[in-house]
Amino acid sequence: MNWRVKSLDAILATAEKKSLHRSLGAFQLTMLGIGGIIGTGIFVLTAEAAQVAGPGMLLSFVLSAAVCGLAALCYAELASMVPVAGSAYTYSYATFGEILAWVVGWALVLEYAVAASAVAVGWSGYAVGVLENLAGIHIPSVIANGDGIIARMTLLFYPMTPELQVAMNTGGLINLPAVVISMAVTALLVVGTKESATVNSVLVVVKILALTAFIVLSVPAIQSKNFIPFAPLGTGGIISAASIIFFAFVGFDAVSTAAEETKNPQRNVPIGLIGSLIICTIFYLLVGAGAIGSFGAQPVLDAAGNGLIPGSPALVAQCNLDGNVLLVCSKEALAHVLRSIGHPAIGNMLGLAAGFALPSVVLMMMYAQTRIFFVMSRDGLLPTSLAKVHPRFKTPHVVTIVTGIGVTVAAAFFPVGALASVSNGGTLCAFFFVALAIMALRRTNPDRRRSFRTPAVWVVAPLAAAGCVLLFLFLSTTAQLVFFGWAAIGLVFYYLYGRTRSNVARGINEAHEDDMGIPPVGVAPMPSAPTPGGRQA
C-alpha cells in the first residue's frame, strides 16, 4: 500500500503558489455555516427521524450534535494550522498519506453529490405543498416522486406483497420538480453563477425567521401526552434516528472548506465552526420539541409492532391509506405541523421560505464538489481535463455537467431519507479521519503553531472517532454497501491513474497555474465573497 505523505509545508506552499482570495470574516463564516446546516435536514428529515425514534428523536438530535461538536473541535485546530482548501482530504494527505487521502476525497465527492440530490428532493416536497396550498395547483404524485420505481426495483429481491402493490399503484414514476431544480442549478453553475456571501446571509435570515416562527407558534401548543411513549422502538431507534438526522448538522464543514478564502483563519475559522453549530443545535432542539409536543411524532408500525423503514414501499402504502395526515408521512414536515395546529397561512409561508432558500443549498453542494475536484486535480490525483474551463463562461463545465447528471438521476428516483443516509456515510468517513489526523499531528508536528488548540484532545478526538463509527454502524445496510462500493470504485481509479500521476509521485511539491489549466482563483470565477463548499443539511 502506498503511504506517500504530502508534508504540511508542501501543502501550504502549493496553496500559496495557487491560492484563493481571502475575503471572509468571522460573521460571514458563521452565516455560511448556519446556511449550510439549516436546510433539508430540519425541514424534511424530522419526519424520517420520527418514523425511527418517535419522540425520542430529541435525544437523536443531542447525539448527532455531540458527535458533530466533537468533530468541530478537531476541525477547528486543523483548519487554523492548515488554512487551505480541501478540508478533510487535505488533512488526511498531510497525516496518513496519499491513498487514505484519496479515500477521504472520494468519500467527500459522494457526500456532496448525494447531499445535493437529497436537498433537491426535500425542496420538491415543499414546492409541491406550496403550489397546492397557496396557488391551488396540484402536482400529480406520478410526477412528484419516484416511489413507484423503487417499489418495482424491490420486486427484484422480494416477492409481491399487498404493501408493494399499493406502493406501485400510488407511487410516482419520477420526481420531476427535483429534476427541474437539479438541472437548473447545473445550468447556473455552468454559466457562472456568482452567489455572494451577502446573498447567503440573506437566505440564512429567511431560514432563521421561518424556524423562529415555527418555534413561537408550536412550543406554546406542546402537550405532554404527545411525548408518550417516548422511545417506542427503544434505544436502537434513537441511535438509528441520529444516524439519519446527522444530515441536519454537518453543514458546518463548509466553514473548514472555506479556510483558504478566510481573513485571519487562525481566529475566524474556529469561531465560524463552533458558533454555527451551537446556534443550530439550539434551534433544532426547540423545533423538535415543538413538532413533537404540538402535533405528535409516533411511528407507523407493522402488525408485529416493528417500525416500517422510512421511504420504504410499505410505509408509502400505509401513509396513502392513512390519508398522509401523520408527521412521519409528510414531505414538508414543519409546514404540515403548522397547518395542522391552526396556522395554515404561516405554514404556507414557512413552506415558501423553504422553497426559496433550499435551491441555494443545492448550488452550494454541487459547488463544493467542484472545490474538492479542484484540490485533487491540483495534487495530480485527478485528470486536469475534469477541471477544463469553458472558453466563454470560464467555469469547469465538464465536471459540473457530470455532477449535474448524477445529482439529477438520484433526485429523480430515490427518497430523501435514502439519499441522506448514503451521504452521511461519506461525511462520517471524513469526520473519522479528521479525528485521527489531529491526534497524529499532535505526535508528528508538536511544535507547529496552533492558534486554536482542541481542549482535552486525547478525550475529544477518540470520542469523535467512536461517535462516527457508532452512527455509521446504525446507517441502513444499503447506505453502508453503497459507501464501500463507492470506495472500492475509487481505489480502482486511484491505482489505474492517481498512483503514478500525482504531484507527490512525480516529486512536484507545488502546483503551477500553467499545468493546471484553471484560473488562479479556483474552479470558477469568484466574487469578493465566494460560497465555498460545504454540505447542507
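Note that this is a predicted model, so its numbers are computed, not measured.

Examining the overall build of the protein
Argument step 1. Helix and strand counts for the protein stand at 22 helices and two strands.
Argument step 2. Across the 537 residues in the protein, those meeting the buried criterion constitute 61%.
Argument step 3. Of the contacts formed within the protein by residues at least 6 apart in sequence, a portion of 87% connects residues at least 24 apart.
Argument step 4. Accessible area of the protein: about 19,100 Å², with a carbon and sulfur share of 68%.

Focus on unusual backbone geometry
Argument step 1. The omega torsion across Ile228 and Pro229 is -5°, close enough to zero to call that bond cis.
Argument step 2. Inspection of the secondary structure assignment puts Pro229 in the loop between helix 11 (197-218) and helix 12 (234-245).
Argument step 3. The phi torsion at Ala456 lies on the positive side, around 45°, for a residue other than glycine.

Things to note about the packing of helix 5 (residues 57-81) against helix 14 (residues 265-295)
Argument step 1. Where helix 5 contacts helix 14, the axes come no closer than 9 Å and their chain directions differ by 175°. As far as their axial angle goes, helix 14 and helix 5 are roughly antiparallel.

Description of a nonpolar patch on the surface
Argument step 1. Together, Val142, Ile143, Leu173, Leu176 and Val180 make up an exposed nonpolar region whose accessible area comes to about 370 Å².
Argument step 2. Along the polypeptide, Leu176 turns up in helix 10 (residues 176-191).
Argument step 3. Take Leu176: its relative accessible area is 37%, and that puts it in the partly exposed class.

What about the confidence of the model for the protein?
Argument step 1. On average, residues of the protein carry a pLDDT of 79, and 80% of them reach 70 or more.
Argument step 2. Within the protein, the element-level pLDDT minimum falls on helix 22 (residues 513-516), averaging 40, and the maximum on helix 20 (residues 457-473), averaging 96.
Argument step 3. Per-residue pLDDT stays below 50 along residues 511-537; that stretch engages in 122 contacts with residues further than four places along the chain or on separate chains.

Some thoughts on helix 2 (residues 26-37)
Argument step 1. Between the first and last C-alpha of helix 2 there are 16 Å, a value that for twelve residues agrees with the 16 Å anticipated at 1.5 Å per step.
Argument step 2. Along helix 2, ten of the twelve residues are buried, which leaves the element largely enclosed by surrounding structure.
Argument step 3. If you check which residues of helix 2 are buried, you get Ala26, Leu29, Thr30, Met31, Leu32, Gly33, Ile34, Gly35, Gly36 and Ile37.

Focus: the pattern of salt bridges
Where charged atoms of side chains with opposite charge meet at close range, the side chains can pair.
Argument step 1. Overall, the coordinates contain two salt bridges when judged by the stated rule.
Argument step 2. With its nearest N and O atoms 2.8 Å apart, the salt bridge here joins Arg442 to Glu77. Here the residue Arg442 occupies a position in helix 19 (residues 416-444), and Glu77 occupies one in helix 5, the gap between them amounting to 365 residues. Residues Arg442 and Glu77 agree in their burial class; the two are buried.

Side note on the packing of aromatic side chains
Argument step 1. Tallied over the entire structure, the rule returns 19 aromatic pairs.
Argument step 2. With centroids separated by 5.8 Å and ring planes inclined at 70°, the aromatic side chains of Phe246 and Phe431 adopt a geometry described as edge-to-face. With Phe246 in the loop between helix 12 and helix 13 (253-257) and Phe431 in helix 19, this pair connects stretches of sequence that are 185 residues apart.
Argument step 3. Using a relative accessible area of 0% as the deciding quantity, one classes Phe246 as buried.
Argument step 4. The class of Phe431 is buried, set by a relative accessible area of 1%.
Argument step 5. Taken together, the aromatic side chains of Trp102, Trp106, Trp486, Phe493, Tyr494, Tyr495 and Tyr497 make up a single cluster linked through ring pairs.

What to know about the nonpolar core
Argument step 1. Membership of the largest hydrophobic core comes to 155 residues, with the highest contact counts inside it found for Ile42, Phe43, Tyr75, Phe252, Leu334, Leu350 and Phe431.
Argument step 2. When residues of this core are assigned to their parent elements, the largest contribution, 22 residues, is made by helix 7 (residues 98-134).
Argument step 3. With residues near it in sequence (within four places) discarded, Phe252 still touches Ile37, Cys68, Ala71, Ala72, Tyr75, Leu273, Ser276, Leu277 and Phe431.

Observations regarding the side chain of Arg339
Argument step 1. Inspection of the secondary structure assignment puts Arg339 in helix 16 (residues 333-340).
Argument step 2. Of note is the side chain of Arg339, whose polar atom sits 2.9 Å from the side chain of Glu332.
Argument step 3. Discounting chain neighbours no more than four positions away, the residues touching Arg339 are Gly129, Asn133, Glu332, Pro344, Gly347 and Asn348.

Describing the packing of helix 5 against helix 12
Argument step 1. As a packed pair, helix 5 and helix 12 sit with axes 8 Å apart at the nearest point and diverge in direction by 55°. As summarised for this structure, helix 5 and helix 12 are arranged oblique, according to the angle between their axes. Viewed along their axes, helix 5 and helix 12 form a crossing whose handedness is right-handed. Between helix 5 and helix 12, the contacting residues are Leu59, Ser60, Phe61, Leu63 and Ser64 on the first element and Ile238, Ile239, Ala241, Ala242 and Ile245 on the second.

The rules behind these values
- Residue positions within a chain follow its written sequence, with the count starting from 1.
- Reporting of local features is limited, given that this is a predicted model, to residues whose pLDDT is at least 70; pairs of side-chain atoms are given and counted only at 80 or more, and all residues count toward the totals for whole chains, interfaces and linings.
- The side-chain values count all of the structure's non-hydrogen atoms but skip hydrogen atoms and water molecules.
- Elements are defined by DSSP. Helices are runs of H or I of four residues or more, strands are runs of E of two residues or more, and each kind is numbered from the N terminus.
- Three labels apply to residues, based on accessible area from a 1.4 Å probe with only protein chains included: buried if under 20% of the type maximum, exposed if over 50%, partly exposed otherwise in between.
- Contacts were defined at the residue level, with two residues in contact if any of their heavy atoms lie within 4.5 Å.
- Accessible surface is estimated by sampling points in the Shrake-Rupley manner with a 1.4 Å probe; for residues, cover comes only from the protein chains shown.
- Note on definitions: angles span 0 to 180 degrees between N-to-C directions of axes, and those axes are lines fitted to C-alpha atoms, for helices only across the stretch in contact.
- For classification, angles of less than 35 degrees are called roughly parallel, those exceeding 145 degrees roughly antiparallel, those between 65 and 115 degrees roughly perpendicular, and all remaining angles oblique.
- Here, patches come from residues exposed beyond 30% relative accessible area and free of salt bridges, joined within 9 Å for like charges and within 5 Å for nonpolar side chains (Val, Leu, Ile, Met, Phe, Trp, Tyr).
- The salt bridge definition used is simple: a Lys or Arg side-chain nitrogen within 4 Å of an Asp or Glu carboxyl oxygen.
- Values of pLDDT, which run from 0 to 100, indicate the predictor's confidence residue by residue.
- Every helix has an expected span of 1.5 Å times one less than the residues it contains.
- Only rings of Phe, Tyr and Trp enter the pairing, Trp through its six-membered ring, and a pair is recorded when the two centres are within 6.5 Å. The plane angle decides the type: under 30 degrees is stacked, over 60 is edge-to-face, the rest tilted.
- Nonpolar cores are built from buried Ala, Val, Leu, Ile, Met, Phe, Trp, Tyr and Cys residues. Side-chain atoms within 4.5 Å join them into one set.
- In protein, a polar contact means a hydrogen-donor-capable atom and an acceptor-capable atom, both N or O and within 3.5 Å, with residues adjacent in sequence counting only if both atoms are side-chain atoms; elsewhere, any N or O pair within 3.5 Å suffices.
- Left-handed is the label given to a crossing in which the near helix is rotated counterclockwise from the far helix by less than a right angle, and right-handed is the label when the rotation is clockwise.

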